[in-house]
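Chains, contacts and geometry: an overview
Each chain, letter by letter, is given below.
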Amino acid sequence: MLDTLDPADPSFARDPYPYYAHLRTTGPAARVALANGTDAWLVTGYRQAREVLADPRFSNVPPRAAGRPKPDSPAQRARGCLARHMLNTDAPDHTRLRRLTTAAFTPRRVDALRPRIERLTAELVADVADRLAREGTADLVDAFAFPLPVLVIGEVLGVPTADRADLRTWTYQVGSPADALPAGAVDRAWTSLHGYFTSLIARKRRTPGDDLFSALVHDEAEGGLDDGELLAMAFLLLFAGYETTMNLLASASLLLLTHPGELAAARRGGPARWAAVAEEALRHASPLEGTTWRRTTEEVDLGDGVVLPADASVLVVLAAANRDPGVFPEPDAFRPGRYDASGERAAVRAAERAAERAAERAAPHAAFGHGPHFCLGSRLARLEAEVALPMLFGADGRMPDLALAADPATLPYRPGLLVRGPRSLPVARAGSAG
């Protein structure tokens with residue numbers, strides 16, 4: 001009998017790792033029965049995850065685009081159009097789309113955003129401090145982890161500030177299991193996103209700005225992007241640009257609030273240690289729980305006795321791969337030191353400990369994927385975390401005594417298998433936290 005999995009189950013969303021550890025005992029990939037009546041293969045091993053992500057025998061093209069019946073409702077047509085983005089294509093289409101977009105995410109262009117990110121972060125930290133002074137508590141998701149990346153990606157897209165709350169609602173809904181929301185909510189969200197981005201493209205054609213999306217709309221290199229590709233690109237930039245970074249900031253904040261020793265080490269360690277905190281948060285609490293779905297174009301032998309049949313639905317579970325005990329010692333522990341190459345690492349003198357840490361350095365986390373679909377926005381996400389975390393939690397900031405104001409075991413989490421992070425994160429000043 002197959003293992004069963006309900007991604008909408010709140011207890012699973014809060015802590016999926018025991019389930020993934022159980023699956024891993026049966027092999028690096030396991031066939032499971034999903035609550036929607038279908039079955040799929042979940043890849044949980046680190047080595048196999050990287051192999052699948054780089055193997056062209058695993059297609060990213062959704063089944064409908066591979067020849068199944070066309071959608072027959074406005075919501076299905078909207079979803080089909082927005083889903084034509086790079087993550088749902090194979091070479092050579094993917095190669096062309098990625099090449100047209102890569103220039104926008106060069107290190108130079110991303111690093112040029114640092115001053116703006118610093119200003120936005122400072123304003124949000126001040127707002128959180130003011131809210132704590134007025135009300136005693138604040139929600140770090142709503143007040144900090146959400147607005148920072150959505151403001152940044154809003155600038156990349158040239159989206160008016162007033163529209164960003166609606167975009168957040170719609171992207172949350174399309175990334176959630178339909179049975180976790182009111183009837184029709186997901187369909188309405190897909191239709192709303194399609195309509196919004198159709199209007200945005202028309203505005204950019206008439207009045208381009210200095211944002212990335214205007215440049216993509218008017219780029220004629222290699223024929224440029226057609227309207228359908230622009231719609232899909234806008235959706236991908238929005239979803240990947242803020243949703244994952246929001247979850248990274250929220251999860252990293254929760255980890256620091258519940259690991260005071262690591263927070264103290266970050267405050268002592270300077271920029272290198274804060275960067276290590278971000279890396280370990282990406283590994284320990286992967287903001288992308290799984291990749292987009294893939295299907296096998298032929299039978300594939302993953303080794304260790306696991307053979308995937310042709311036309312199998314396959315999900316690479318990044319959150320599980322990042323806790324593979326065969327790769328990451330103490331995988332369930334939050335230990336930023338495994339990614340810190342500065343003073344604290346150099347201070348470790350025991351030969352066996354040094355060898356263990358050297359092995360860890362040889363195994364980077366898989367939070368941004370691997371292979372041709374490796375996340376284009378990884379540098380931007382890291383930059384936002386490396387700026388935001390020390391400004392919020394640094395000992396010289398406005399809130400050195402920030403404390404969690406709720407039992408972490410009761411925090412609600414985003415349902416589903418795509419993205420993961422706490423939906424709320426109440427905080428207070430130490431001494432006043434409940």
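Cut-offs used in this document
- Residues numbered from 1 in each chain as written.
- Predicted model: local features only at pLDDT ≥ 70, side-chain atom pairs only at ≥ 80, totals over all residues.
- Heavy atoms only, no water.
- Axes fitted to C-alpha atoms, helices over the stretch in contact; angles between N-to-C directions.
- Helix = DSSP H or I, 4+ residues; strand = E, 2+ residues; numbered from the N terminus.
- Parallel < 35°, antiparallel > 145°, perpendicular 65-115°, else oblique.
- Left-handed = near helix turned anticlockwise from the far one by under 90°.
- Contact = heavy atoms within 4.5 Å.
- Nonpolar A, V, L, I, M, F, W, Y, C, P; charged D, E, K, R; others polar.
- Buried < 20%, exposed > 50% of the residue type's maximum accessible area, 1.4 Å probe, protein only.

1. Considering the packing of helix α9 (residues 147-157) against helix α19 (residues 378-393)
For the pair α9 and α19, the least separation of the axes is 11 Å and the interaxial angle reads 135 degrees. Between α9 and α19, the angle falls in the class oblique. You can see that α9 and α19 cross each other, and the crossing is right-handed. Here L148, P149 and V152 of α9 come into contact with α19, specifically with L380, E384 and A388. Here the contact of α9 with α19 is composed, by residue class, of five nonpolar, no polar and one charged.

2. A short note on unusual backbone geometry
In this model, A91 is joined to P92 through a cis peptide bond whose omega is 5 degrees. Tracing the sequence through the fold places P92 in the loop between α4 (74-82) and α5 (93-102). Even without a glycine there, the phi angle at D304 is positive, about 55 degrees. By the secondary structure assignment, D304 is in the loop between β7 (300-303) and β8 (306-308). A relative accessible area of 59% means that D304 is categorised as exposed. One non-glycine residue, D311, lies in the positive phi region at around 65 degrees. Tracing the sequence through the fold places D311 in the loop between β8 and β9 (313-316). Residue class for D311 comes out partly exposed when judged on its relative accessible area of 48%.

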